[in-house]
Amino acid sequence: MEYFSSTVHEALRMLEAGEVSSVALTESVLNRIDAVEPTVRAYLTLDREGALRQAEQADIARKKGQAGPLCGIPVAVKDALCTTTMPTTCGSRMLEHFVAPYEATVMTKLAQAGSVLLGKLAMDEFAMGSTGENCAFKVPTNPWKPGYVAGGSSGGAAAAVAADQCMASLGSDTGGSVRQPASLCGTVGMKPTYGRVSRNGLVPLASSLDQIGPLTKDVRDCALIMNTICGYDPQDSTSIDKPVPDFRTSLQDGLKGIKIGIPREYFGQGLDPEVDQAVRQGMAMLEEAGAELVEVSLPHTDYCVAVYYLISPAEASSNLARFDGVRYGFRDRSTDSLIEMYNQTRSHGFGEEVKRRILIGTYALSAGYYDAFYKKASQVRTLIKEDLSRAFALCDVLASPVTPTPAWKIGDRSDDLVALYLSDILTLSANLAGIPGMSTPCGFSLDGLPIGMQLQAAHFNEAVLLRAAHNLEQRAGVVGKKPALV
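**Points about the nonpolar core**
Working step 1: Counting 154 residues, the largest nonpolar core has Ile-73, Phe-126 and Leu-455 as the members making the most contacts within it.
Working step 2: Counting residues per element, this core draws most heavily on helix H9 (residues 304-319), which supplies nine residues.
Working step 3: Aside from chain neighbours lying at most four places away, what touches Leu-455 is Leu-286, Val-397, Leu-398, Ala-399, Pro-436, Gly-437, Met-438, Thr-440, Leu-465, Ala-468 and Ala-469.

Dropping the structure here:
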């Protein structure tokens, strides 16, 4: 077995047994990046020398008996997380050369755990997109079928894990941006409860929706990364001061006593038959593991897209007002007046999708339309939360597809924004309600493209998600299958 193909827990076992050094492990992953990056296009920044220095330090720490829980493990992160050692671009020309003055809290936690940071991963500009195509620098491709989308906005993070270009990664999820690319690329992806993981140092899209989460090769790795990144942070006013369990203890065999809710609204028109079949087979596996399946209703599902595409652009409009060409980032220097400099900076620095959402959000917040749009969307958001609360009174976990279809060709939906926005319809409610959700591989299409199952639970109940995902993983026989890149 090549070292780069290892899971985190397999690599930790080899490191602890002295079968491999962190330097050798990191070199193996770097060689893998050299071999497949021209195809996958996952990395915006690769810090080869820095990674090898960290790997040497990890080997020294292990010899001294000072190894952290991820000591020597090569990881990479979405380029929306602030780092002081390399640029944080958010996939935008606006921040092309920006180096943050401080580290994101999750980056500090990864460093304290002893992990090795390889680099920063491609993403839709300012996390606005579902395909990776909105990145200003490169478009990541799906390792299972190059030329197909990796998903978004954390497309590079999912593609890198699927292609063994890192052992785990971090992304951010505002409306499905961890779970959707995880499903399309055949990885595990977790969106924790809002407030469970500090957002300090995450460049914001929509502050009431954003959450950082891991993308991993299997469920056990997801639990390991969750153990590292979760916890209260006084630097984040939305962080919740709540004890963090050892998520590894939730990886129990069997689901006796667990009720799995099947939302009838998630299996309607527009769902690809292959996705429907794979997810229903996955549900049968959960039932075989001892779970009881019950039908539930989420009657306001059809409103999720409209609510999200009012709330998210409104918050984005406010958050992105800081990019004015004065304080940091790109500045257009061809103008003489301040107002024209603002205009030209934002016109040239932002891509089309970002400008589109800023305009939508600014309109929704304007004095004459606030009540009709943003306020009304916030009221319907409450109804969506109430739907989920009623569902969780009847079940422990909701099971459904992640996306209506498997991955599609790059460029196929570029001119159909409605189709792109609707591709998120099954993931948006978790962000609107702040509940945890995850994607776990459950099968493949006839074209060999991965299909994931979405699992959702009540606030701070990530443990039951991991337990259900673990049991699905044990029976689906998908883990260990690799895309044939080289």
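**Observations regarding the pairing of strand S7 (residues 259-263)**
Working step 1: Of all five residues in S7, four are buried; the element is thus mostly enclosed.
Working step 2: With helix H8 (residues 273-288) bridging S7 and its parallel neighbour strand S8 (residues 292-296), the resulting β-α-β unit is right-handed.
Working step 3: By the bridge criterion, two bridges tie S7 to strand S9 (residues 397-401) in an arrangement that is parallel. Counterpart to Gly-261 in the pairing with S9 is Leu-398.

**Details of the sheet that holds S8**
Working step 1: As summarised here, the arrangement of the eleven strands in space is S1-S3-S2-S4-S6-S5-S10-S11-S9-S7-S8, forming an open sheet in which the pairing is mixed. In this open sheet, the two strands that pair with only one neighbour each are strand S1 (43-46) and S8. Here the average twist between neighbouring strands, direction ignored, is 30°.
Working step 2: With four bridges connecting them, strand S2 (residues 74-78) and strand S3 (residues 116-121) associate as parallel partners. Considered in S3, the bridge of Val-75 is made with Leu-117.
Working step 3: In the packing of helix H12 (residues 371-392) onto the sheet, the strands contacted are S8, S9 and strand S11 (450-457), and the crossing angle to S9 comes to about 115°.

Criteria and thresholds
- Residues numbered from 1 in each chain as written.
- Predicted model: local features only at pLDDT ≥ 70, side-chain atom pairs only at ≥ 80, totals over all residues.
- Heavy atoms only, no water.
- Core = buried A, V, L, I, M, F, W, Y, C linked by side-chain atoms within 4.5 Å.
- Buried < 20%, exposed > 50% of the residue type's maximum accessible area, 1.4 Å probe, protein only.
- Helix = DSSP H or I, 4+ residues; strand = E, 2+ residues; numbered from the N terminus.
- Contact = heavy atoms within 4.5 Å.
- Right-handed = clockwise from strand over helix to strand, strands pointing away.
- Pairing = 2+ DSSP bridges.
- Axes fitted to C-alpha atoms, helices over the stretch in contact; angles between N-to-C directions.

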